[in-house]
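A closer look at the structure
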Amino acid sequence: MRRAPTSHRADHPPRPDRPPRPDRPPYGPRPTRQRRAPHPHYRTTRATGPPALPALPALPAPPYQPHRRTTRTADQCWEKTVLLDGRSVVITGAGSGVGRASALLFAAEGAQVVCADVREDWAAETVRLIAEQPGAKGAGVAQRCDVTVPADVDAAVATAVGRFGRLDVMFNNAGIATPVFGMRTEDHTLDQIEALMAVNIRGVLLGCQAAVRQFRAQGGGGVIVNTGSVAGLVGWGGTVYGATKGAVNQLTRGVAVECAADDIRVNAICPAAMPATNFMVPGAEAGSQGIGEEEARAVGASHPLGRPITAEDCAAAALFLASDAARNITGVLLPVDGGFVAQ
Ligand SMILES: NC(=O)c1ccc[n+]([C@@H]2O[C@H](COP(=O)([O-])OP(=O)(O)OC[C@H]3O[C@@H](n4cnc5c(N)ncnc54)[C@H](O)[C@@H]3O)[C@@H](O)[C@H]2O)c1
């Protein structure tokens, strides 16, 4: 049923119990509300649009840093981003592959690098390449060093201290591969097993010992980066080699915990297959020869990202771990593997 419309209050007499409000007539039609006069600006904006904004001040002439208060030249900006400014570094296996790429990158980032390698001629070539690098802030010095020999490793550290005053970063990178690609565990001779263990385990262990002794003697902490492998993280063929890299990974974590109180950080990079180094080239004649492009593509296809890993990829990871950007990172095994071990 439809309700009858509410009647206007004018139809009703005032209620006797309430006094009439002084501001209104006691009854009768509701007074019409007075509309305020429009703001004078209102008509102006409707008619002509918003008033014009004041003109912006002109930008300063380049070089110009919009986010900085003071203007710095491009060269000064570069100075600020150098990650290893003046750091004294030893890199083993610096005559080829990851070691050479790291020596070049570290020197570009301001480091003074002792390029240590059992192949002194390859190390000397790395030093020459550092000197030729445009804009490199650091420098290199070649050092013959067999990482299986304690005196050689100590001498590499002594060179860093003698030439550059201290040791800041030790990169234990030298390593050798399974003698024949795809070789099964039971086919390794005792000599082959011992050679793998000597270079890959003893070499890294001696490097850690020499570096930690020097870091403790000079004070102020230090950084060790080791080169492990994804073969030390997962079963991947080349089992004897993988076992040596598993040992490197474990050494990394153990020394990291042991030395953390002295602010000595220890981390490892764990590369997957790198076809452009000498690792898969037995009897290589020159630093970083690499295998053919066809094989390189096949190796790359085995990684989820589908690209072969390069020595430069590993150098970039090592640079991060060596720099203060990683100052709160220790005991980490960083895969550089295009997602291989994530599978
Ligand atoms: N290339 C790969 O596929 C791959 C994969 C995983 C891990 N790695 C690891 O990366 C590291 C670097 O390998 P790379 O690919 O640059 O190989 P590479 O063969 O190009 O470089 C190794 C360098 O180590 C030097 N070296 C070998 N024995 C030495 C010794 N006893 N003392 C001092 N120096 C010695 C060599 O002369 C060479 O310059 C190694 O530890 C290797 O095990 C390589």
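If you're wondering where the values come from, they're calculated on a predicted model, not measured in any experiment.

**A few points about the overall build of the protein**
Scanning the protein from terminus to terminus reveals nine helices and seven strands. Buried positions account for 40% of the 343 residues belonging to the protein. Considering only residue pairs separated by 6 or more positions, the protein has 71% of its internal contacts joining residues 24 or more positions apart.

**A few points about helix α3 (residues 97-108)**
Over its twelve residues, α3 runs 17 Å from end to end, which matches the ideal 16 Å to within 8%, given 1.5 Å per residue. Among the twelve residues in α3, twelve count as buried, and that is most of the element. The complete set of buried residues in α3 reads G97, V98, G99, R100, A101, S102, A103, L104, L105, F106, A107 and A108. G110 sits one or two residues past α3 and shows a positive phi near 95 degrees.

**Brief notes about the sheet that holds strand β2 (residues 112-117)**
Strand order in the open sheet formed by seven strands is β3-β2-β1-β4-β5-β6-β7, with parallel pairing between adjacent strands. Two strands close off the open sheet at either side, each with one partner strand: β3 (139-144) and β7 (333-336). When the angles between neighbouring strand axes are averaged without regard to direction, this sheet yields 20 degrees. Where helix α6 (residues 190-218) meets the sheet, it contacts β1 (88-92), β4 (169-172), β5 (222-227) and β6 (264-271), and its direction lies at approximately 175 degrees from that of β4. Lying over the sheet, helix α9 (residues 311-322) contacts β4, β5, β6 and β7, oriented at roughly 165 degrees with respect to β6.

**Side note on the pairing of β1**
Working note: regular strand, side chains alternate between the two faces of the sheet. Buried residues dominate β1, accounting for five of its five residues. Of the two faces of β1, the one carrying S88, V90 and T92 and the one carrying V89 and I91 are both buried. Where β1 meets β2, five bridges bridge the pair, whose relative direction is parallel. Residue pairing across strands places V90 opposite V114, the latter belonging to β2.

**Points about the site of the ligand**
In the vicinity of the ligand lie 31 residues, with G93, G97, G175, T277 and F279 positioned nearest. Broken down by secondary-structure element, the contributors of at least two residues to the shell around the ligand are α3 and α6. For the shell around the ligand, the element with the highest residue contribution is α3, accounting for three residues.

**Some remarks on the nonpolar core**
For soluble globular proteins, the rule of thumb is that nonpolar side chains tend to be buried together. Residues V89, V90, V113, C115, V225 and A318 are the most contacted members of the largest nonpolar core, which totals 80 residues. The dominant element in this core, judged by the number of residues it contributes, is α6, at nine residues.

**Topic: the confidence of the model for the protein**
Averaged over every residue, the pLDDT of the protein is 87; residues scoring 70 or more account for 81%. Across residues 64-72 the pLDDT falls below 50, and counting only partners more than four positions away or on other chains, this stretch makes seven contacts in the model.

**A short note on the packing of helix α5 (residues 150-164) against α6**
Where α5 meets α6, the closest approach of the two axes is 9 Å, and the angle between their N-to-C directions is 40 degrees. Taken together, the axes of α5 and α6 are oblique relative to one another. The two elements α5 and α6 cross, and the hand of that crossing is right-handed. Every residue of α6 that contacts α5 at P150, V153, D154, V157 and V161 is listed here: L206, G207, A210, A211 and Q214. Grouping the constituent residues of the contact of α5 with α6 by class yields seven nonpolar, two polar and one charged.

**So, α9**
With twelve residues, α9 extends 16 Å between its outermost C-alpha atoms, agreeing within 8% with the 16 Å of an ideal straight helix rising 1.5 Å per residue. Counting buried residues in α9 gives nine out of twelve residues, a clear majority hidden from the surface. All buried positions along α9 are accounted for by A311, D313, C314, A315, A317, A318, L319, L321 and A322. Those residues of α9 that are buried lie in contact with α3, β4, β5, β6 and β7.

**Focus: unusual backbone geometry**
Its identity as a non-glycine residue notwithstanding, D263 has a phi of 60 degrees, on the positive side. Along the chain, D263 turns up in the loop between α7 (239-259) and β6. For S288, which is not glycine, the phi dihedral falls at a positive 55 degrees. Looking at the secondary structure, you find S288 in the loop between β6 and α8 (293-301). S288 sits in the buried class, given 22 other C-beta atoms within 10 Å.

Scoring rules and cut-offs
- Residues numbered from 1 in each chain as written.
- Predicted model: local features only at pLDDT ≥ 70, side-chain atom pairs only at ≥ 80, totals over all residues.
- Helix = DSSP H or I, 4+ residues; strand = E, 2+ residues; numbered from the N terminus.
- Buried ≥ 20, exposed ≤ 12 C-beta atoms within 10 Å, placed from the backbone.
- Contact = placed C-beta atoms within 7 Å.
- Expected span 1.5 Å × (residues − 1).
- Pairing = 2+ DSSP bridges.
- Axes fitted to C-alpha atoms, helices over the stretch in contact; angles between N-to-C directions.
- Near = placed C-beta within 6 Å.
- Core = buried A, V, L, I, M, F, W, Y, C linked by C-beta atoms within 7 Å.
- pLDDT = per-residue confidence, 0-100.
- Parallel < 35°, antiparallel > 145°, perpendicular 65-115°, else oblique.
- Left-handed = near helix turned anticlockwise from the far one by under 90°.
- Nonpolar A, V, L, I, M, F, W, Y, C, P; charged D, E, K, R; others polar.

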